[in-house]
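Report on the structure
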Amino acid sequence: MPETVFVLNGPNLNLLGTREPEIYGSATLDDIAGMLEDRARELGLEIDLRQSNHEGHLVDWLHEAQAVGAKAVLLNAGAFTHTSVALHDAIKAIRTPVIEVHLSNPHTREAFRHKSFVGMAAKATIAGFGPLSYLLALEGAYRL
Ligand code: DQA
């Protein structure tokens with residue numbers, strides 16, 4: 001049975017492709033899913049990619065990642081990154097390694113994006129490479 005990597009995406013990431021393309025580029029979440037699935041196949045991994053605009057869904061999915069024995073979670077929590085103590089606590093509550101992912105580099109943007117409740121609990125962070133951030137995070141997850 002191939003090991004599964006959860007790829008969890010938070011609010012507004014369903015609009016990738018049309019959302020502020022000057023910041024986030026033109027790739028859609030489906031494009032990113034396809035790219036991850038292609039690489040995962042080569043690595044002998046499986047991808048379970050999900051998106052929700054609701055914080056509690058992301059908390060539930062983090063718990064589920066541990067319950068089903070996922071190898072790792074790649075988490076782009078969108079704006080919840082900067083606000084969510086609940087996601088911070090959920091990452092701490094599970095043993096499954098969580099890698100924080102961002103398309104943009106939040107540290108070069110508005111001050112309110114400089115704090116990451118996710119990053120403070122995550123194993124690692126990859127940001128600023130556009131869709132490639134997800135692929136680099138998958139490579140990292142594979143080597144864990
Ligand atoms: C983001 C960065 C966040 O600050 C923002 O709220 C997002 C996207 C990124 O991938 O660059 O929704 O997580």
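Please refer to the structure higher up on the page.
The following paragraphs examine the structure supplied in this document. Everything numeric here is computed off the predicted structure, so don't read it as measured data.

So, how was this worked out
Residues numbered from 1 in each chain as written. Predicted model: local features only at pLDDT ≥ 70, side-chain atom pairs only at ≥ 80, totals over all residues. Heavy atoms only, no water. Helix = DSSP H or I, 4+ residues; strand = E, 2+ residues; numbered from the N terminus. Polar contact = N/O pair within 3.5 Å; in protein donor to acceptor, adjacent residues only side chain to side chain. Contact = heavy atoms within 4.5 Å. Core = buried A, V, L, I, M, F, W, Y, C linked by side-chain atoms within 4.5 Å. Buried < 20%, exposed > 50% of the residue type's maximum accessible area, 1.4 Å probe, protein only. Patch = residues over 30% accessible without salt bridge, like charges linked within 9 Å, V, L, I, M, F, W, Y side chains within 5 Å. Areas by Shrake-Rupley, 256 points an atom, 1.4 Å probe, with all protein chains shown as cover. Salt bridge = Lys/Arg side-chain N within 4 Å of Asp/Glu carboxyl O. Pairing = 2+ DSSP bridges. Axes fitted to C-alpha atoms, helices over the stretch in contact; angles between N-to-C directions.

**Some words on the side chain of glutamate 139**
Of note, glutamate 139 is situated in helix α5 (residues 132–143). Within polar-contact distance, the side chain of glutamate 139 engages the side chain of arginine 143 at 3.0 Å. If we ignore the near neighbours within four places in the chain, the residues touching glutamate 139 are Arg39 and Leu43.

**A look at the nonpolar core**
Leu36, Leu74, Tyr134 and Leu138 are the most contacted members of the largest nonpolar core, which totals 23 residues. Looking at this core, the elements with two or more residues in it are β1 (3–9), α2 (29–43), β2 (45–51), β3 (72–76), β4 (98–102) and α5. Setting aside residues up to four positions removed in sequence, leucine 74 forms contacts with Val5, Phe6, Val7, Leu8, Ile99, Val101, Tyr134, Ala137, Leu138 and Ala141.

**Observations regarding a nonpolar patch on the surface**
A cluster of nonpolar side chains, Phe129, Leu132 and Leu136, forms an exposed patch at the surface whose accessible area comes to about 260 Å². Along the chain, the position of leucine 136 falls in helix α5. Residue class for leucine 136 comes out partly exposed when judged on its relative accessible area of 31%.

**Observations concerning the sheet that holds strand β5 (residues 124–127)**
On the basis of which strands lie adjacent, the open sheet formed by five strands has the order β2-β1-β3-β4-β5 and parallel pairing. Two strands close off the open sheet at either side, each with one partner strand: β2 and β5. On average, each strand axis in the sheet is inclined to that of its neighbour by 20°, with strand direction left out of account. Here α2 sits on the sheet and contacts β1 and β2; the angle it forms with β2, its principal contact strand, is near 165°. Across the face of the sheet, helix α3 (residues 55–67) comes into contact with β1, β2, β3 and β4 while running at roughly 170° to β1.

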